[in-house]
Amino acid sequence: MPLEVSLKPSTSPIFSLQNNPPMIPSTFMALPSSSYSHTLLFSNFLKPNTLTSRKSYASSLNINRDRYPISVVRNSASVSGEPSTSTISDVFGGKKELAGIHSLVDSMSPPVRFASSIIVVAAAISSGYGLGLRFGRTRNAALAGAAAFGLAGGAAAYALNSCVPEVAATNLHNYLAGCDDPKAVKKEDIEGIAKKFGVSKQDQAFNAELCDLYCRFVSSVIPPGSEDLKGNEVETIIEFKRVLGIDDPDAASMHMEIGRRIFRQRLETGDRDADIEQRRAFQKLIYVSTLVFGEASTFLLPWKRVFKVTDAQVEVAIRDNAQRLYAFRLKQVGRVNSEQLMSLRGAQLLYRLSDELAEDMFKEHTRKLIEENISTAVNILKSRTRTSGPIQVVEELDKILAFNHLLISLSNHPESRHFARGVGPVLLLGGEYDGDRKIDDLKLLYRAYVTDSLSTGRMEETKLAALNQLRNIFGLGKREAERIMLDVASKVYRKRLAQAFSGGELEAADSKAAFLQNLCDELHFDPERASQIHEEIYRQKLQQSVADGELTEDDVAALLRLRVMLCIPQQTVEAAHSDICGTLFEKAVNGAIAAGVDGYDADVKASVRKAAHGLRLTRESAMSIASKAVRRMFMNYIKRARGAGRTESAKELKKMIAFNTLVVTPLVADIKGEPSDPATPEEPIKEESKNQFEQDEEEEEWESLQTLKKTRPDKELAAKLGKPGQTEITLKDDLPERDRKDLYKTYLLFCITGEVTNIPFGAQITTKKDNTEYLLLNQLGEILGLTRKETVDVHRGLAEQAFRQQAEVILADGQLTKARIEQLNEVQKQVGLPQEYAQKVIKNITTTKMAAAIETAVSQGRLSIKQIRELKEAGVNLDSMVSESLRENIFKKTVDEIFSSGTGEFDEVEVYEKITVDLNINADKAKGVVCELARTRLSNSLIQAVALLRQRNRLGVVSSLNDMLACDKAVPSEPLSWEVPEELADLYAIYLKSEAAPEKQSRLQYLLGISDSTAVALREMGDRVLPVGSEEENFVF
């Protein structure tokens, strides 16, 4: 039964192993006996020849194993751990019989035995003394006889007392063998036996019997083979050990001896099943022994040294058996309470189970309990007999919720720290229903509970909280749960809405919106979803009404009543009509379009008018539907036109124009309800004339474009062509502007060049068209959605392209003469390009040619600053023609010319302000260029002056010195040094004769480093230093 676990008694076979123990395997591996442990317990032990001698502990206790054998005896027990009465003799063996002196000693009490020993010795001495005196007749012989007989009597007395421990051990054995329940043995009885015979644990035989009895009892308490521990083994062994009064070292040696026997039995067996059983038995022995001796087990039980068992393997054995015991204890728990949780906590601590494992096991236990309920509910839900199925399903789910609520309340209990670990909300994670294959079953159960919660027509708060808990237990996502709840609630909402509508409650309500909102609140239903349901109901009603192809007045009234009752917005109503009625109208429009140019007759017109007005569509909705269908047809023409040549493309565009005029135009008129008579009212004509007049004013400057003028028909041609095509449905939003202009341009070229027909031998015949093609071009522009400005741009661009091609031939060298200007004016008139744009083209061509010439002159160094100023005065934009790097080179060249002009002048305003402005370069960068050139040129000018001095070139010397002064004026310098000072004096003397300004002479004296006395002497020498002569001048060195 779910959530309730009953414990059934079980039995196991009994067998005892006496002096010939069974063979035990040499390795013990941890068994995967439960879902809590899959870890190996032991690896291979030592080989048999490396085992510790089985007499190691027995020798320390001086136990004679041949006389007092230790047996591994196992018995079956009930679930409660009580040994069967019929198997008591198998635990300790049968009773032992006493014979001879042993029976005599058994019948004597210690005082009697002591007195009897004295009497025997005294009688022996007396008899020996009498016999010695009788036969030896001397005192010495009598004493010798007394001594001899006294020794014999003492030996007899000693023999009598030496068998006392054996008799006491036999009595102890017989006492326990005769007990119906070994656990009923009292310590006083054991002490009474020892006291009766005056023995203690110090006596070897008695202590050996105690150890043997303890070993037998331990072997009988621990379940054999694969049987699990019952949980009371440790308490039973500890109590029996206390009753016997055996010391821990002796008891521990017996536990180790049991382990040795199991180990030896592993060496001698070859059965796999027996091997598994012995390994399980060894695990249980380790676990029970560890709990019996507690902390002292680490040094009392040397598993590692004797059996080569690691600490980790011991921990695994303890963990696995603790898990089995705790799992067995959990099976006894049904609906938990605080006392049971405290008991579980105590059991966990007793079993030495970690909190983490205990928590996982408790959660798994609670999960399995609710999984039983879930399985029961799923089976009921899927069964064919569903008479009371939903009720039983809900009952099972209520049990799950009650159990979960109980665990939550216990987790919040003040004493929860004393409870078993893992108490809390139940989850299905990691269990049978944690997977995609079972999630559908959980969704069915959740849906069943939601359906039951809404069965009364409203959702209670308690049910809503229960649904949230159930969703958490099942692990359903929030969206999944909301989807299920929304689905069920939608059906209930529809049902209650139908009842309110048919019963008149909704119509009688003062506020329809308040009534609907209250209904949503009772069901905890989303108002937006309710609005969607209202829309679905309205759409369903609308579809029924338009089944015959039109809406009658009664249908309109019924739909209006439904809309008012359900508070449906006007926008939603229009969308529904546009969708449902629009589908029917779209069929009619598609039929009219499919009829083609020749098939749009009176029947098609009637069907379109009936669909447009009978379905009560608004004009905007009808035009939107028709526009989609027409534009799809237009795009088919466009696709074919793009994939063909120019002539074929123009023919496809012409077909599209005809389709627009003969099919689309009357279709639009029928949708609007306009008469098909081409005559139009006077007012629209006036309005159109007014708009045309405004456009004419705007495009007055384009009157010279002949192709544009031809697109405007005169009155005679307009009357001949009849009513123009419609302009409401265009491809403006379907094609980018560039593609629309390209299509318009293609047909414009067709209008200009005419139709080209290829004939044999590679010849072509061009057929010119009349002006009616330009009128079709105008209609094409309207179909493409081009504005007047965009069409004008296409015409102007084509005219400008033609004019540019011819102008580039005329202005090939970039020179604009009077004759060429006349040629260009003639070409302009031919193509009809306005004067303003023609001038721009001419200027662009000449500017391009001039820019190339200027750039060539700059790169060759043939353009000076003076010429640049002349070009700027002529209106030439040098900034766009000459790059900045070339302008900087011009500046550098101009400054270099100033430093090499020989004038000795440097005008900062001219260089830093005027020239930089003319060249449009950075002033700071210009100053950097001047400084660099001045420093370099200064030293070079001095070297050049000395060179010319040596060549006796007086004018050259003066010019070089002036260049040096110009550099110094741009960038003031320190006095210069020279290896031959006399040459500097000669340079200064020559410069004095050049009649230069005094300030220049003074500055040169400073730069050359000439002292004032030397300068005065050079002035006084005058012409004597350098006689005037052009051919032979005598220089003084």
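Residues numbered from 1 in each chain as written. Predicted model: local features only at pLDDT ≥ 70, side-chain atom pairs only at ≥ 80, totals over all residues. Heavy atoms only, no water.

**Quick word on the pattern of salt bridges**
Oppositely charged side chains can form a pair if their charged atoms are brought close together.
So, point 1. Applying the stated criterion across every chain yields a total of 44 salt bridges.
So, point 2. In this structure, Arg458 and Glu522 form a salt bridge, with 3.6 Å as the shortest nitrogen-oxygen distance. A residue pair is termed long-range when its members are at least 10 positions apart, and Arg458 in the loop between helix H18 (436-453) and helix H19 (461-474) and Glu522 in helix H22 (residues 512-523) qualify at 64 residues.
So, point 3. When its relative accessible area of 36% is taken as the criterion, Arg458 is described as partly exposed.
So, point 4. Salt-bridge contacts for Glu586 lead to Arg632; the nearest nitrogen and oxygen are separated by 3.5 Å. Here Arg632 lies in helix H27 (residues 619-642) and Glu586 lies in helix H25 (residues 570-599), a separation of 46 residues in the sequence.
So, point 5. Put simply, Glu257, Arg260, Arg261 and Arg264 are held in one network by salt bridges that share partners. (Salt bridge = Lys/Arg side-chain N within 4 Å of Asp/Glu carboxyl O. Helix = DSSP H or I, 4+ residues; strand = E, 2+ residues; numbered from the N terminus. Buried < 20%, exposed > 50% of the residue type's maximum accessible area, 1.4 Å probe, protein only.)

**Notes on unusual backbone geometry**
So, point 1. You will see that Arg352, though not glycine, has its phi angle at about 60 degrees, which is positive.
So, point 2. Owing to a relative accessible area of 42%, Arg352 belongs among the partly exposed residues under this scheme.
So, point 3. One non-glycine residue with positive phi stands out, namely His524, at about 55 degrees.
So, point 4. Topologically, His524 is positioned in the loop between H22 and helix H23 (527-545).

**What about the packing of helix H41 (residues 923-950) against helix H42 (residues 954-970)?**
The axes of two packed helices give the description: the angle between them and the distance between them.
So, point 1. For the pair H41 and H42, interaxial distance at closest approach is 8 Å and the crossing angle is 160 degrees. Between H41 and H42, the crossing angle belongs to the class labelled roughly antiparallel. The crossing of H41 and H42 is left-handed. Contacts between H41 and H42 involve Val930, Ala934, Arg937, Leu938, Ser941, Leu942, Gln944, Ala945, Leu948 and Leu949 from the former and Gly956, Val957, Ser960, Leu961, Asp963, Met964, Cys967, Asp968 and Ala970 from the latter.
So, point 2. Across the contact of H41 with H42, the residue classes tally to 12 nonpolar, four polar and three charged. (Axes fitted to C-alpha atoms, helices over the stretch in contact; angles between N-to-C directions. Parallel < 35°, antiparallel > 145°, perpendicular 65-115°, else oblique. Left-handed = near helix turned anticlockwise from the far one by under 90°. Contact = heavy atoms within 4.5 Å. Nonpolar A, V, L, I, M, F, W, Y, C, P; charged D, E, K, R; others polar.)

**Describing the environment of Ala466**
So, point 1. Inspection of the secondary structure assignment puts Ala466 in helix H19.
So, point 2. A relative accessible area of 15% means that Ala466 is categorised as buried.
So, point 3. A sequence separation of 64 residues divides Ala466 from Ala402, and the C-alpha atoms of the two residues are 9.6 Å apart.
So, point 4. Leaving out residues up to four positions away in the same chain, Ala466 has contacts with Leu401 and Tyr449.

**Concerning the confidence of the model for the protein chain**
So, point 1. Across the protein chain, the average pLDDT comes to 75, with 75% of residues at 70 or higher.
So, point 2. For residues 1-89, every residue scores under 50 in pLDDT, and the model assigns this stretch 249 contacts once sequence neighbours within four places are set aside.
So, point 3. Taken as a whole, residues 678-694 scores under 50 in pLDDT and shows three contacts with residues more than four places along the chain or in a different chain. (pLDDT = per-residue confidence, 0-100.)

**Section: the nonpolar core**
So, point 1. If you look at the biggest cluster of nonpolar residues, it comprises 188 residues, and the most contacted ones within it are Tyr214, Trp303, Phe474, Tyr493 and Phe585.
So, point 2. When residues of this core are assigned to their parent elements, the largest contribution, 11 residues, is made by H27.
So, point 3. Excluding residues within four positions of it along the chain, Tyr214 makes contact with Ile237, Phe240, Lys241, Leu244, Ile246, Ala251, Met254, His255, Val292 and Phe293. (Core = buried A, V, L, I, M, F, W, Y, C linked by side-chain atoms within 4.5 Å.)

**Notes on helix H24 (residues 553-566)**
So, point 1. Here H24 spans 20 Å end to end across 14 residues, near enough to the 20 Å set by a 1.5 Å rise per residue.
So, point 2. Turning to H24, its buried residues number three or more, namely Asp555, Leu559, Leu562, Met565 and Leu566. For H24, the arc enclosing every buried residue in end-on projection is 125 degrees, short of the 170-degree limit, so these residues lie on one face.
So, point 3. Where H24 is buried, its residues meet helix H20 (478-503), helix H21 (505-508), H22, H23 and H25.
So, point 4. A positive backbone phi angle near 55 degrees is found at Cys567, which sits one or two residues after H24. (Expected span 1.5 Å × (residues − 1). Arc of directions from axis to C-beta.)

**Side note on the packing of H18 against H19**
So, point 1. Orientation of H18 relative to H19, taken along the N-to-C sense of each, is 175 degrees, at an axis distance of 11 Å. By the angle class used here, H18 and H19 are roughly antiparallel. Contacts from Leu442, Leu445, Tyr446, Tyr449, Val450, Asp452 and Ser453 of H18 reach H19 at Lys463, Ala466, Leu467, Leu470, Arg471 and Phe474.
So, point 2. Of the residues contributing to the contact of H18 with H19, the split by class is nine nonpolar, one polar and three charged.

**Focus: the side chain of Ser973**
So, point 1. When you line up the elements, Ser973 lands in the loop between H42 and helix H43 (981-992).
So, point 2. The exposure class assigned to Ser973 is buried, which follows from its relative accessible area of 17%.
So, point 3. Ser973 has contacts with Leu938, Asp968, Arg1003, Tyr1006 and Leu1007, leaving out every residue within four places of it along the chain.

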